[in-house]
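Each chain is listed here by its residues.
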Amino acid sequence: MDMVEFIENKGQWNNNITFKAVIPGGNLYLEDNALTYLFYNESDIGRLHELHHSEIQNPTIKDSTINLHAFKINFLNAHTEKIKPFDPSSDYANYYLGNDTTKWASNVKKYGKTAYKNLYDSIDLKFYIHEGYLKYDFIITPGGRPSEIQLDYEGVDDLVLEKGALKVTTSVNEIIEQKPYAYQLINGIQKEVKCDFVLTGSTVSFNFPNGYNKNKKLIIDPTL
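Would you mind showing me how to read the pattern of salt bridges here?
One side chain can pair with another of opposite charge once the charged atoms of both are near each other. Applying the stated criterion across every chain yields a total of 11 salt bridges. Where Lys 72 meets Glu 31, a salt bridge forms, and the shortest distance between an N and an O atom there is 3.0 Å. You can see Lys 72 sitting in strand S5 (residues 68-75) and its partner Glu 31 sitting in strand S3 (residues 26-31), a full 41 residues away along the chain. You can call Lys 72 partly exposed: its relative accessible area is 22%. For Glu 31, a relative accessible area of 8% corresponds to the buried category. Here Lys 167 and Glu 174 are joined by a salt bridge, their closest N and O atoms 3.8 Å apart.

Any chance you could explain the side chain of Thr 18 here in plain terms?
With respect to the element layout, Thr 18 can be found in strand S2 (residues 17-23). A residue is classified by how much of its surface remains accessible, and Thr 18, at 16% relative accessible area, is buried. Filtering out sequence-adjacent residues up to four positions away, Thr 18 remains in contact with Ile 7, Glu 8, Asn 9, Leu 30, Glu 31, Asp 32 and Ile 83.

What is the right way to look at the sheet that holds strand S12 (residues 165-169) in this model?
Through backbone hydrogen bonds, the strands of a sheet pair up, either in parallel or in antiparallel fashion. Read across the open sheet, the 3 strands follow the order S11-S12-S13; overall the sheet is antiparallel. Where the open sheet ends on each side, the last strands, each with one partner, are strand S11 (158-162) and strand S13 (174-177). On average, each strand axis in the sheet is inclined to that of its neighbour by 20°, with strand direction left out of account. Taken together, the 5 bridges between S11 and S12 define a ladder with antiparallel strand orientation. When the bridges of S12 are listed, Val 160 appears paired with Lys 167.

Got a minute to help me understand empty space enclosed by the protein in this structure?
Leftover empty space is mapped by rolling, across the atoms, a probe with the size of a water molecule. Taken as a whole and judged by the stated rule, the model has 2 cavities of 30 Å³ or more. In this model, the largest cavity occupies a volume close to 70 Å³. Surrounding the largest cavity, Leu 35, Tyr 37, Ile 73, Phe 75, Leu 125, Phe 127, Tyr 136, Phe 138, Leu 151, Tyr 153 and Glu 177 form its lining. Listed by contribution, the elements that provide at least two residues to the lining of the largest cavity are strand S4 (34-40), S5, strand S8 (123-130), strand S9 (133-140) and strand S10 (151-154). Grouping the amino acids of the lining of the largest cavity by side-chain chemistry returns 10 nonpolar, no polar and 1 charged.

Could you clarify how one ought to interpret the nonpolar core in this entry?
General note: in soluble globular proteins, nonpolar side chains tend to be found buried as a group. Judged by nonpolar contacts, the single largest core of 44 residues is most densely connected at Phe 127 and Phe 138. With near-sequence residues (within four places) excluded, Phe 138 lies in contact with Leu 119, Ile 123, Asp 124, Leu 125, Ile 149, Leu 151, Phe 206, Leu 218, Ile 219 and Ile 220.

Any chance you could explain the pairing of strand S7 (residues 105-120) here in plain terms?
Remember that side chains alternate between the two faces of the sheet whenever the strand is regular. One ladder, built from 2 bridges, connects strand S1 (residues 6-8) with S7; its direction is antiparallel. Among the inter-strand pairings, Ile 7 is bridged to a residue of S7, identified as Lys 110. As judged from the 8 bridges shared by strand S6 (residues 83-95) and S7, these two strands associate in the antiparallel manner. In the strand pairing of S7, Ala 93 is matched with Val 108. The pairing of S7 with S8 spans 4 bridges and is antiparallel. Bridge pairing links Tyr 120 to Ile 123 in S8. The antiparallel hairpin formed by S7 and S8 contains 2 residues in its connecting segment, where Ser 122 sits at a positive phi of about 60°.

How should the pairing of S4 be read in this particular structure?
Of all 7 residues that make up S4, 5 are buried, and the element is covered over most of its length. Inspection of the sheet shows S3 paired to S4 by 6 bridges, in the antiparallel sense. Bridged to Leu 30 within S4 is Leu 35. With antiparallel pairing between neighbouring strands as the criterion, S3 and S4 make up a hairpin whose turn holds 2 residues. Where S4 meets S5, 7 bridges bridge the pair, whose relative direction is antiparallel. Residue pairing in the sheet places Leu 38 in a bridge with Ala 70 of S5.

Criteria and cut-off values
Residues numbered from 1 in each chain as written. Predicted model: local features only at pLDDT ≥ 70, side-chain atom pairs only at ≥ 80, totals over all residues. Heavy atoms only, no water. Salt bridge = Lys/Arg side-chain N within 4 Å of Asp/Glu carboxyl O. Helix = DSSP H or I, 4+ residues; strand = E, 2+ residues; numbered from the N terminus. Buried < 20%, exposed > 50% of the residue type's maximum accessible area, 1.4 Å probe, protein only. Contact = heavy atoms within 4.5 Å. Pairing = 2+ DSSP bridges. Axes fitted to C-alpha atoms, helices over the stretch in contact; angles between N-to-C directions. 1 Å grid on protein atoms, 1.4 Å probe; cavity = no way out; pocket = protein on both sides within 12 Å on 5 of 7 lines; lining within 4 Å. Points joined across faces, edges and corners; volume = space filled by probe spheres on them. Nonpolar A, V, L, I, M, F, W, Y, C, P; charged D, E, K, R; others polar. Core = buried A, V, L, I, M, F, W, Y, C linked by side-chain atoms within 4.5 Å.

Here it is in structure tokens:
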């Protein structure tokens, strides 16, 4: 996976978008109280590439359709705190697409990490890349209640739990969120806390069957 960067919105996209990240197979848009994933059918991209390079030799290849699927993850009952960026990149992007100059933007900054600060009371949500995977952490400080985290999936074809992992099916792909790993630092030692996804209809939450130390910071760490 190439390095994923979070690109700020300076008017080149819709106002509801704060940051955009190009991820394998599509884009991730960070909004104040939701995430939007937009994926494309990668076989369509391959066919379009073939069309571009072989149209003269094989004029029967004419289908240039690219199938897309977007879905949203809504943070139910969350605060709408602005997203804070971290780890700025040394370079920037310019957007001068189309004839509408109000959608042009220059010196657009890029970042390696972003965080929803206080998305729920005493709970932050951080996005970053680790060992080639897009990851997100819920960071619950003492006083925060992880039961308040409610992630509602809107616009997917299917949403199921399989062996503890969350499988999201769209019209163009499947996305697997691995079984969440949760931990706390106790006396400087990382201690695993048993954590499971809970799926109720289209809403995902977290369960801690053995409890956890409510006086220490708790990190929930799934992998996409």
